[in-house]
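Spelled out from the first residue to the last, the chains are:
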Amino acid sequence: MSNIKVKDDKGVRIIRFNRPDKRNALTLDMYRQLTEYLIEGEADNAIKVFLICGESHCFTSGNDIRDFMSNGELGPSHPAVRFLFCLLELKKPMVAAVSGAAVGIGTTLLLHCDLVYADEGALFQLPFVNLALVPEAGASMLLPQLVGYQKAAELLLLGDPFDAHTAKQLGIINDFIAPNELFEYALAVSLKLASKPTSAVQLTKQLMKVNRNKLQHQMYLELEHFGSQLRSEEARERFQAFMNKAP
């Protein structure tokens, strides 16, 4: 059974994390699949919109630490790195439906989405510093731009969880929806978006992404520091403690 499900529905490519026994923690192979489905969808004229979501009332609990540590060299061919820069290059809009936990990459990837909806019980967290790491996916640039420096510092330096009400107040999500209505709501929005004139939608998105080159530079800088921190003794200690507590 694949840990990433994909289904195309009337111009919407639905990409679903499907590893519920591990709270949809992302493996390197899942990153490879995600990138493949996004690249294929970008090239397919029948696909107008991406909708990303998680299986079993969980978006994603972040990286699978054990699997991620098996390939800690964050070069251009690393599956997670390819996925992050694929997000940056997307011309077609992406909608996210966030149910339950959205940890680490589960929150930072939302900063690249165009529309984000969450259920009322969604819980977001950016725990990079807690693991002796730095942010990724351009979060160190995108988050201060979105919520202001002081609030971004609170979220990134303290790394505490925050709920859907806070996420909406900060503009990280568009709205929160009842859990049993979330997916259908996000799908309806995606289908509405897919019905719009394609070139106008993509050009409008492009016009709003005015700092793409600066963001790309920031993402490379983050990865440089992320890689060095990943090899540090304090990170090894934090990861070991985390894995010792994991079931």
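Preceding this paragraph is the structure being described.
Thresholds applied
Residues numbered from 1 in each chain as written. Predicted model: local features only at pLDDT ≥ 70, side-chain atom pairs only at ≥ 80, totals over all residues. Heavy atoms only, no water. Pairing = 2+ DSSP bridges. Helix = DSSP H or I, 4+ residues; strand = E, 2+ residues; numbered from the N terminus. Buried < 20%, exposed > 50% of the residue type's maximum accessible area, 1.4 Å probe, protein only. Lys, Arg positive; Asp, Glu negative; His and termini not counted. Salt bridge = Lys/Arg side-chain N within 4 Å of Asp/Glu carboxyl O. Polar contact = N/O pair within 3.5 Å; in protein donor to acceptor, adjacent residues only side chain to side chain. Contact = heavy atoms within 4.5 Å. Axes fitted to C-alpha atoms, helices over the stretch in contact; angles between N-to-C directions. Disulfide = S-S within 2.5 Å.

(A) Region of interest: the sheet that holds strand E8 (residues 162–163). Strands sit in the order E5-E7-E8 across an open sheet of three strands; the sheet is mixed. Two strands bound the open sheet, and with one partner strand each, they are strand E5 (101–103) and E8. The sheet contact formed by E5 and strand E7 (residues 123–125) spans three bridges and is parallel. In the sheet register, Ala101 faces E7, and the bridge partner there is Leu123.

(B) Examining the side chain of Asp119 more closely. Note on placement: Asp119 falls in strand E6 (residues 115–119). Despite being buried, Asp119 has no salt bridge partner; Arg16 is the closest side chain of opposite charge, sitting 11 Å away. Within polar-contact distance, the side chain of Asp119 engages the backbone nitrogen of Gly121 at 3.0 Å. A polar side-chain atom of Asp119 sits 2.8 Å from the main-chain amide nitrogen of Ala122. Sequence-distant contacts of Asp119, that is, excluding residues within four places in its chain, are made with Val98, Ser99, Gly100, Ala164, Phe176, Ile177, Pro179 and Leu182.

(C) Just the environment of Leu115, in detail. If you trace the backbone, Leu115 turns up in strand E6. Taking C-alpha positions, Leu115 is 9.2 Å from Asp175, a pair spaced 60 residues apart along the chain.

(D) Region of interest: the sheet that holds E6. With mixed pairing, six strands are arranged side by side in an open sheet as E1-E2-E3-E4-E6-E9. The sheet terminates laterally at strand E1 (4–9) and strand E9 (175–177), the two strands that pair on one side only. Taking the axes of each pair of neighbouring strands and ignoring which way they run, one obtains an average angle of 20° across the sheet. As paired elements, strand E2 (residues 12–17) and strand E3 (residues 49–54) share six bridges and run parallel to each other. The residue bridging Arg16 from the neighbouring strand is Cys53, located in E3.

(E) How the structure looks around the state of the cysteines. Counted according to the given criterion, the structure contains zero disulfides. Cys58 takes part in no disulfide bond, and the closest cysteine sulfur to it belongs to Cys53, at a distance of 12 Å. Given the relative accessible area of 7%, Cys58 is considered buried. Looking at Cys113, it has no disulfide partner, and the nearest cysteine sulfur is the one in Cys53, 11 Å off. You can call Cys113 buried: its relative accessible area is 9%.

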